[in-house]
Structure formats: C-alpha cells, structure tokens
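So you can see what is in the structure, the chains are spelled out below.
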Amino acid sequence: MTAEYQVHGTVAVITLNNPPVNGLGLATRTAAVKGIQQALADDTVKAIVITGAGKAFSGGADIKEFNSPKALAEPSLHTLIATAESSTKPVVAAIHTVCMGGGLELSLGCHYRVAMPGAQIALPEVKLGLLPGAGGTQRLPRVLGLEMALNMIVSGTPVASDKLANTALFDAVFTADADLVSSAVAFAETIADVRPLPKVRDRKVDYPNHEAFLQFSRNTVKAMSGPFPAPLECVETVAASVTMKFEDGMKFERERFLHLIQTTESKALRHAFFAERVASKVPDVPADTPVRAIKQAAVIGAGTMGGGIAMNFLNAGIPVVMLETKQEALDKGLATIRKNYENTMKKGKLTQEKFDQRMALVSGTLAYEDIGQADIVVEAVFEDMGVKEAVFRKLDEVMKPGAILASNTSTLDLNQIAGFTKRPQDVIGTHFFSPANVMKLLEIVRGAQTGKDVLATALALSKKLKKTGVVSGVCDGFIGNRMIEQYSRQAGFLLEEGALPEQVDKAVEKFGFAMGPFRMGDLAGNDIGWAIRKRRYVEKPEISYSKTADLLCEMGRYGQKTGAGWYDYKAGDRKAYPNEQVNAMIVQHSADIGVARRKISDQEIVERLVYSMVNEAAHILEEGIALRASDIDMVYLTGYGFPLFRGGPMFYADTVGLPNVLAAINKYAKGHQGSAWKPAPLLVKLAEEGKGFNS
Ligand code: NAI
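Residues numbered from 1 in each chain as written. Predicted model: local features only at pLDDT ≥ 70, side-chain atom pairs only at ≥ 80, totals over all residues. Heavy atoms only, no water.

*Asks:* Residues and numbers for the sheet that holds strand β5 (residues 98–100), please.
*Replies:* Backbone-to-backbone hydrogen bonds join strands into a sheet, with any given pair of strands oriented parallel or antiparallel. Judged by pairing direction, the sheet is mixed, and its three strands sit side by side in the order β5-β7-β8 without closing on themselves. Single-partner strands in this sheet number two, and they are β5 and β8 (159–160). Relative to strand β7 (residues 120–122), β5 runs parallel, the two being bridged by three bridges. Directly across from V98, in β7, lies its bridge partner Q120. (Pairing = 2+ DSSP bridges. Helix = DSSP H or I, 4+ residues; strand = E, 2+ residues; numbered from the N terminus.)

*Asks:* Would you mind going over the site of the ligand in detail, with residue names and values included?
*Replies:* As a matter of local geometry, the ligand sits amid 22 residues, with M305, E324, E383, K388 and S410 nearest to it. Note that an oxygen atom of the ligand is positioned 2.5 Å from one of the side-chain N or O atoms of E383. Contact between the ligand and N408: an oxygen atom at 2.9 Å from a side-chain N or O atom of the residue. About the coverage of the ligand: the protein hides 78% of its 830 Å² of free accessible area. Sorting the residues of the shell around the ligand by element identifies α11 (304–315), α14 (385–398) and β15 (427–432) as the ones contributing at least two each. (Near = heavy atom within 4 Å. Polar contact = N/O pair within 3.5 Å; in protein donor to acceptor, adjacent residues only side chain to side chain. Areas by Shrake-Rupley, 256 points an atom, 1.4 Å probe, with all protein chains shown as cover.)

*Asks:* How would you explain the packing of helix α18 (residues 501–511) against helix α23 (residues 602–622) if you had to name every residue and give the values?
*Replies:* Axis separation between α18 and α23 bottoms out at 9 Å; the angle between their running directions is 75°. It follows that α18 is roughly perpendicular to α23 by the angle criterion. Taken together, the residues of α23 that come into contact with α18 (itself represented by Q503, V504, A507, V508 and F511) are D602, I605, V606, L609 and V610. Grouping the constituent residues of the contact of α18 with α23 by class yields eight nonpolar, one polar and one charged. (Axes fitted to C-alpha atoms, helices over the stretch in contact; angles between N-to-C directions. Parallel < 35°, antiparallel > 145°, perpendicular 65-115°, else oblique. Contact = heavy atoms within 4.5 Å. Nonpolar A, V, L, I, M, F, W, Y, C, P; charged D, E, K, R; others polar.)

*Asks:* Residues and numbers for the packing of aromatic side chains, please.
*Replies:* In this description, an aromatic ring pair is defined by two values, namely the gap between the centres and the angle between the planes. What the rule picks out here adds up to 15 aromatic pairs. With 5.0 Å between their ring centres and 40° between their planes, Y207 and F213 make a pair best called tilted. Judged by its relative accessible area of 24%, Y207 is partly exposed. Looking at F213, the relative accessible area reads 13%, which means it is buried. (Phe/Tyr/Trp six-rings, centres within 6.5 Å; stacked < 30°, edge-to-face > 60°. Buried < 20%, exposed > 50% of the residue type's maximum accessible area, 1.4 Å probe, protein only.)

*Asks:* An account of the domain arrangement of the protein is needed here, citing residue identities and associated values.
*Replies:* Domain annotation of the protein identifies domain 1 (3–260), domain 2 (297–472) and domain 3 (480–689). Between the C-alpha centres of domain 2 and domain 3 there is a distance of 30 Å. Facing the 13 residues of domain 2 at the interface are 12 residues of domain 3. Buried surface at the junction of domain 2 and domain 3, summed over both partners, amounts to about 960 Å²; 60% is from carbon and sulfur atoms. Counting the contacts that link domain 2 with domain 3 gives zero salt bridges. The greatest single-element share of the side of domain 2 that touches domain 3, amounting to four residues, is contributed by strand β17 (residues 468–472). Counted by class, the side of domain 2 that touches domain 3 contains five nonpolar, five polar and three charged residues. (Domains from an automatic or database assignment. Buried area = accessible area lost by both parts, 1.4 Å probe. Salt bridge = Lys/Arg side-chain N within 4 Å of Asp/Glu carboxyl O.)

Structural data, given as structure tokens:
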C-alpha cells in the first residue's frame, strides 16, 4: 500500500505513503490515481484532499526507480496530475515538511493548495541537469509570477512555505499548531461547491516588458552556468509560460526535458548523485552493523592537517583535544583554528555565538594521559614511519578499550601502523584532503584487520562531518594519490617531449579542471613531490620520472611559498607568470636526454593525463582497492577537482568508450617513455566485451 484512502465526512483523504519522502514511484502513482477515481465514484464525497504520510508531502520522483522502466510506466506523473486537474470534484493538496520536484508539480495540478508553515518548496531538477518535466515550468510562474518562479527553477533552491503565503501558490498557510489533515478537510468543505474549479493552467503570467527581463536572465544565467546546459533551458521553458499558450508550453517543456535527459552533463550529475549514495555501502558490512559512539575526539599533531581535521569535529559539535610535542606548536595550531573561524565570522558566515561554542569545544595538551578517554583519535604527525610508530605505540598504551585509532597518513602502510598496536582491529585510515576543513573527500582506509564496526563507524562519522566517505584498501597512495602519480608522471614527460607548463595547464583547465598540474604543484609545494620521488628513486628504481621537477627544485623554486615555482608569482596576486629560465631549463633538459622537441596537441595532453589515471584506476578496481568504479569517480570529483560535468574519470572513460581509451593507450605505449603505459587487464577485458567501468 503506497497511498491510503479514507473518507472524513464528505471529504476523501488520499495519503501518499512511500517512505522516506513519498517518492512518486509507480505503485504510489497508481494508488493515488485509484484514490481519485474511488472518490469520484462515491456520491457521498464532495471534495478530495491529497497529503503525505510521515516526513513529507512528497519529495518528487522515486529515486529507487530512476533509470528504470517503472519511472515512465502508466500511470505516469503526467497522468496522475491530469487526473487530479480534470477531476470534477475539487482536489486540495495538503502540504507539509517537504514538497519538491514532482511533488510540487502534482500540487500545482490540484485545484487548491494549503500548507503548514516551514514546508520546503522546491523544483530541484536543475541540480541533476534537468528541468521540471511535469508542468512545473509552466504552472509555477502562473502562481508565483515570472521572476520568483524563474529564480526557484534555475537555482533549485527550496523556499519555506510561509515565505510564499501571500502568493497564489497557496490558498491557505495554517499556523504551526494546526492539525494539517483536519484543517485541510475543513478547508475542502468550504470550497466543495465552488464552480468552476480553479486551475493553475487557466491563469496568465503577467509581466510587463517580459522580453527585457528574460534577456537579462538569459545573460546572467549563461554567465553563471558554465558548461551545464540545464539552467539556460530552464529559462527558456519558463519563458514559454509567458510567450506560449499553456498546451504549447507543456509540449515545449517535454521536448526540452527529453533533450536534457540525454545530455552527458545531466548523465554525469545523476551519476555523481547516485555515486555519492552508494559510496557508503560496503558489501560485507551490512547496514545494521553496530557503530561505536563518537562523543569525544583527539587529534595528534596540530599542523596543517591536524588543525583542519579538528575543525571538522568542532563544526559537528564534537569536543576535541589536540596533542603536540611542544607548547609552541600547540599554541600555533590553536591560533590557526581561531583565525580561520574569525575569518569565517568576518565574512558573515558564522555567528559570534557559534564561534564561541566551537572554540569552547577545543583544548590542547602535551600529555597523552589527557586524551585516553577519547572515542576516536586521529593522528596527523609528520609523514615518517618512525614518528608514526612512536605515536601508535603510545596510543596503544593510553587509549581506553574500544577507542578508534585513526591515521591521516597519505602514503604509509596502514597495516604496518596497525601492527604497532595490540589492537589492529581498532586501527583505520582517515585520509583527509587539504584544506581539511573545506575539502569534501574523506578516504577511509580499511586495513587488513580493521573491524567491521570500526569501518561502519568511520562511514557514519564521515556523514556527520559532512564529508563524502570513500573506502579504499591499503596500497601506496590509496585511490586518489596512486592515480594522480600517473598524471604527474605524464605531465613531466610532456615537458620533455615539447610542451611547456602553461600549455599543459591551459589544456587541462580547458578540459575543466580548476587547475592544471603545474599550477597545482606550485600551490601544494614542489618540494613535497621531490621528497617522495627521492624516496622512490631508492625504493622503486624501476619507476621512471622526468627530472624536470627535480631540476626546478634544485633552482630553489618550490612554488607559491617561495614566490616562484614553475611560474613566477607576485605578492598579493595568485596569477601565474611564465618564467623564461624555467622554460629554458625544460628545453635544455630535452636536449640533454636526446629528445627532439615536437609540437604536442592539447588533445594529446588531456588524453595522456586523464587516461594514465584511468588505466591506474583499472588496476585499483581489479585489485579490489576500490569497491566500485563510481567510488573512484567520487574520489576525483570531491578531492581532486575533476570536472563535475564529466562525471569523474571512470564515467568520462565510459563516455569516450573504452575501446577508444585503449587504442590511445596503445598508441602512447609506442612513444616517449612508452613503458609507463601498460594497459590494465581489466581495461582490455571491458573494452573487448564492449562494456564500461560503470556498467
Ligand atoms: P605538518 O608538518 O603541517 O604538521 C605535523 C604536526 O605534527 C606538526 O605540528 C608537528 O609539531 C606535529 N608532530 C610531529 N611529531 C609529533 C608527535 N610525535 N606527537 C605530536 N605531534 C607531533 O604536516 P601535515 O601536512 O599536517 O601532515 C600531517 C599528516 O597528514 C602526514 O601524515 C601527511 O602525510 C598527511 N597528509 C597531509 C596532507 C597535506 O596536504 N599536507 C594531505 C593529506 C594527508
């Protein structure tokens, strides 16, 4: 039963009931249509109320049925809306809590709408690269006016029902203490005999000089929507509510909806939407796995990462004790947290009250005894196994039984770290990204012996901290950094063969990354990669790297922090200015290694950088380091600035077609440093089978 039917006196009440948000799936639509038909057939019924059980009127489409034939099966949402609108007895939508997407479109097909205050009203389809396809673009402007409807449809942002109380969207907004159903029934009784039945479609959108407003909107929206076509399509369809007859506007809306649903941009957004949801599911860790309570946290090391990590806990209202070796470092770390919050406050994004609350939750110590009672401790000390060993041996001594011992290491072997304790089941990696208080990604590293409840707790914690948690197995660099290593290597080889940093960066930025590899290196500090490579030259001499980055560091050009890296920087300006000596060094290096420089196309640059990551990702999938291709996409969308409209590296490779990706890899394998290209067996297999990573 997905909608209940009851009769209250002369009023039939249809209650949508499809938890959690009464998504309008096939069964719900069927039950609602039946309910209306039953009410029409019953002579004692004079009016109909449609409402929603539980936590919503309706959240819109049922995401469980997305991409399934059920989504379009009859009775479709259009049919349900038409049934309500053409009903010969008045239909009243009784709205509360959440009324979004198809839910709002259904209510617009009803003759009357009444609501509780504080209900979230929205048409959020644009966030999935779509437009409201069941009349929303035609009916909402007819009740809210052109300007307000356009803003809501283009932004997808919810507006509270009480803010819309004075518009024609609502016939009544009740007081907060009212009982919605009995108030709606009472309302229905008052209008039961009114004829003709009011229909939103019959209203006109009045906007003097609408063309000027629409042109202004087109210009603004175009400038703001970047590569995404949906916002502008939203403007065009809303425009049709003024310029076309209702029926023609509906046809136009349908046509544009069907166009958008086929676009790669919308597919990418929908992919990301589902990828985020599925990332928290781990096959052998069922949803009912018990989680440990996290009421108190500790962070070891108050440096760059430690401070940001602590802020995550503070933002979530979890008290944090920070531990350092020296008072000076501790003071500095705490002062940085304070300064960050003060800056947020200056921007008006944090109240004094919240600031005080958060600062009251953080304290510092030099003594391990002070952190023993924490439910979780996150280690963020220097990236050095010796230092980590000392810390974890100490944690094993002082932490209470059942405490989670987490490491923020970005490259070290988590299993070895767990081995420094007598409780490896309690050890897990929580790999935050810099700046840790901003970046959404949290790679959750599952050690060989990490307990299932510890993993479940870390996943739950990531949600509490408003992060996207993605599970990774243990390997060098985990998912994200292991792939970016291939990207960086290719960037270096491209310099040896004929490209210069600005060409590479521009090509990658045109593809959609916020920053190309060389500007990124300058921001992060080229010395970090240098240190890693020096270690690799000893530990893994078989891996080849371009020497250009080492030569750059030998010039003392570490990046923005030294005012110079691949580019020059001026004080107070983040703009990157190409540097003659650096470019001469690159050209000279090609001569030194006997490579004749050639003109390299932007396409080659992008292919080599992206496909090298995709190929590594195929290994990562095959080895079971990542659970699924969409997890890898999530890592790149939330942690590495991969362009959202391309859906992540794996989704992008699927869009290009894996046989094409493989052919390009085989071609590059014959070129300079070709040994860096060994097609991953999984990639070869999927390409041969005509499949994609995400299929
Ligand atoms: P950092 O050098 O800024 O901070 C490390 C802090 O740990 C320093 O304040 C130091 O005084 C303190 N410390 C050192 N030994 C200690 C000990 N035995 N006990 C207590 N405190 C100690 O380093 P950062 O960048 O914050 O890195 C920390 C960890 O996070 C490393 O494992 C690093 O690989 C990892 N990481 C770093 C990222 C970055 O972008 N910086 C990104 C992701 C992970």
